[in-house]
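# A look at the structure
Here are the chains, one letter per residue:
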Protein chains: 2
Amino acid sequence: MNQNALELLEQRRSCRAYRPEQITEEELQAVVKAGTYAPTGMGRQSPIIVVVQDRETIDALNQMNAAIMGNPEANPFYGAPTVLIVLADKNIPTHFYDGCCVMDNLLNAAEAAGLGSCWIHRAREEFESAEGKALLAKWGIEGDYVGIGHCILGYREGDRPAPAPRKENYVYYVR
Amino acid sequence: MNQNALELLEQRRSCRAYRPEQITEEELQAVVKAGTYAPTGMGRQSPIIVVVQDRETIDALNQMNAAIMGNPEANPFYGAPTVLIVLADKNIPTHFYDGCCVMDNLLNAAEAAGLGSCWIHRAREEFESAEGKALLAKWGIEGDYVGIGHCILGYREGDRPAPAPRKENYVYYVR
């Protein structure tokens, strides 16, 4: 048993405070690569990953996301210097499941790369909007993509918190 | 960087041929634990995991699953000796995303534990049916649970195949 990898899966925690400096290209590529190797239905690789490191674009996404939350003053991306957006091709029946597996792999790989990360929701609403569709077009992304989630990345400010206790009755046995 | 864990995320492959013997309790618990530590929206832990190791129940699920496929002669669980069913509480808005993260963690943990695994779909249809609802009731599971997926587990028969090449344009950059 690879205890080291098992512990990593248990130790990953969401990070909501980031240092301002950008992550290295090596760290970014390690995380993104693990995302692309996530399982997908029949291996059809329905998702795509958009790496956003341009501050102006991150700020625009942050504002759109806050507006969808109904709180324009919010800072949903927590100032993280990198935002990975996962979208998936809705013509493939398993696209929603596939996109979530990419997201989970990105979060776990971030932990393995020593980075802080957090899943930020509302990608679906973002890329259903005219503003979101215009961004996809600007980025050269064509097709029927649904927003699955944002994985924000950066160096953690402060310590990794301890996990909350797992709920009772998480696991049932039939044997 | 934890190269070992990163490689594991890239090396995991679906397994579709299993040896008949049951996995050890230690292996099972390692996989299940990693599932319970998957990220969930606001840490609400909306999923549950049902561990099925009873041959009769696995055969019944296999038959239901094959019928949903439209091919009653199929063997969708490939004879795996353990089936983990992930369901999620539909009253929690992020339940679908949460359940998929549990599934992905289970698959990655199986790889870390040296086991073969595969995501088998059609859990939603299974547990929407009267037969599926009767099984949940029999297992003592109450509430509004939606089937997310089955993670089948066992010892791999044969070698782990090489991964298919990743598609072009999996990753876009905005920077």
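Reading guide: rules and limits
Residues numbered from 1 in each chain as written. Chains lettered and ligands numbered in written order. Predicted model: local features only at pLDDT ≥ 70, side-chain atom pairs only at ≥ 80, totals over all residues. Heavy atoms only, no water. Core = buried A, V, L, I, M, F, W, Y, C linked by side-chain atoms within 4.5 Å. Buried < 20%, exposed > 50% of the residue type's maximum accessible area, 1.4 Å probe, protein only. Contact = heavy atoms within 4.5 Å. pLDDT = per-residue confidence, 0-100. Phe/Tyr/Trp six-rings, centres within 6.5 Å; stacked < 30°, edge-to-face > 60°. Lys NZ or Arg CZ within 6 Å of the ring centre and 35° of its normal. Buried area = accessible area lost by both parts, 1.4 Å probe. Salt bridge = Lys/Arg side-chain N within 4 Å of Asp/Glu carboxyl O. Polar contact = N/O pair within 3.5 Å; in protein donor to acceptor, adjacent residues only side chain to side chain. Helix = DSSP H or I, 4+ residues; strand = E, 2+ residues; numbered from the N terminus. Nonpolar A, V, L, I, M, F, W, Y, C, P; charged D, E, K, R; others polar. Pairing = 2+ DSSP bridges. Axes fitted to C-alpha atoms, helices over the stretch in contact; angles between N-to-C directions. Least-squares fit on C-alpha atoms with pLDDT ≥ 70 in both.

### Quick notes on the nonpolar core
One finds Val31 and Leu84 of chain A together with Val31 and Leu84 of chain B to be the most contacted residues of the largest nonpolar core, which totals 68 residues. With near-sequence residues (within four places) excluded, Leu84 of chain B lies in contact with Leu28, Val31, Val32, Ile49, Val50, Val51, Leu106, Gly149, His150, Cys151 and Leu153 of chain B.

### A few points about the confidence of the model for chain A
Residues of chain A with pLDDT of at least 70 account for 100%, and the chain-wide mean is 97. In the predicted assembly, ipTM is 0.97 and pTM is 0.98.

### Some remarks on the packing of aromatic side chains
Per the stated rule, a full pass over the model turns up seven aromatic pairs over all chains. A connected cluster of aromatic rings, assembled from ring pairs, spans Phe96, Tyr97 and Trp119 of chain A together with Phe96, Tyr97 and Trp119 of chain B. Arg166 of chain A extends its terminal NZ or CZ atom over the ring of Tyr37 of chain B, reaching a point 4.4 Å from the ring centre. The side chain of Lys167 of chain B reaches across the aromatic face of Tyr170 of chain B, ending 5.1 Å from its centre.

### Points about the interface of chain B and chain A
Contacts between the two partners involve 68 residues from chain B and, on the opposite side, 68 residues from chain A. In total, about 6200 Å² of surface goes out of reach between chain B and chain A, with carbon and sulfur atoms giving 60% of it. Where Glu25 of chain B meets Arg175 of chain A, a salt bridge forms, and the shortest distance between an N and an O atom there is 3.0 Å. Linking chain B with chain A are 37 residue pairs in polar contact (both at pLDDT 80 or more), by the criterion used here. Counting only elements with at least two residues in the side of chain B that touches chain A, the list comes to helix H1 (3-11), helix H2 (25-36), strand S1 (47-52), helix H4 (95-112), strand S4 (145-154) and strand S5 (171-174) of chain B. Grouping the constituent residues of the side of chain B that touches chain A by class yields 39 nonpolar, 17 polar and twelve charged.

### Some details on unusual backbone geometry
Even without glycine at this site, Gln45 of chain A takes up a positive phi of about 50 degrees. Structurally, the position occupied by Gln45 of chain A is in the loop between helix H2 (25-36) and strand S1 (47-52). Classification of Gln45 of chain A as buried rests on a relative accessible area of 7%. The backbone of Met42 of chain B shows a phi angle near 55 degrees, a positive value even though the residue is not glycine.

### Re the sheet that holds strand S5 (residues 171-174) of chain A
In spatial order, the strands read S5(A)-S1(B)-S2(B)-S4(B)-S3(B); together these five strands make up an open sheet with mixed pairing. Lying at the two open borders of the sheet, with one neighbouring strand each, are S5 of chain A together with strand S3 (116-120) of chain B. Geometrically, the sheet is characterised by an average inter-axis angle of 20 degrees between neighbouring strands, direction not taken into account. As paired strands, strand S2 (residues 82-89) of chain B and S4 of chain B are joined by eight bridges and run antiparallel to one another. Residue Asp89 of chain B lies in a different strand from S4 of chain B, and its bridge partner there is Tyr145 of chain B.

### Examining the relation of the copies chain B and chain A
Screw-axis analysis of chain B against chain A gives a translation of 0.0 Å along the axis, an RMSD of 0.0 Å, and a rotation angle of 180 degrees. Expressed as an axis order, the relation between the two copies is that of a two-fold axis. No C-alpha of chain B approaches the rotation axis more nearly than that of Ala5 of chain B, which lies at 2.5 Å.

### So, the side chain of Asn105 of chain A
Residue placement: Asn105 of chain A occurs in helix H4 (residues 95-112). Within the structure, Asn105 of chain A has its side chain in polar contact with the backbone oxygen of Ala34 of chain A (distance 2.9 Å). Once residues within four sequence positions are removed from consideration, Asn105 of chain A is found in contact with Ala34, Gly35, Tyr37 and Ala38 of chain A together with Leu9, Asp104 and Asn108 of chain B.

### Focus on the pattern of salt bridges
All names here are of chain A. Under the definition given, this model contains 14 salt bridges over all chains. Put simply, Glu128 and Arg124 hold a salt bridge, and the shortest N to O gap is 3.2 Å. Here Glu128 pairs with Arg124, and both are found in helix H5 (residues 123-128), just four residues apart, close to one helical turn. Salt bridges linked by common partners bring Arg124, Glu125 and Glu128 together as one network.

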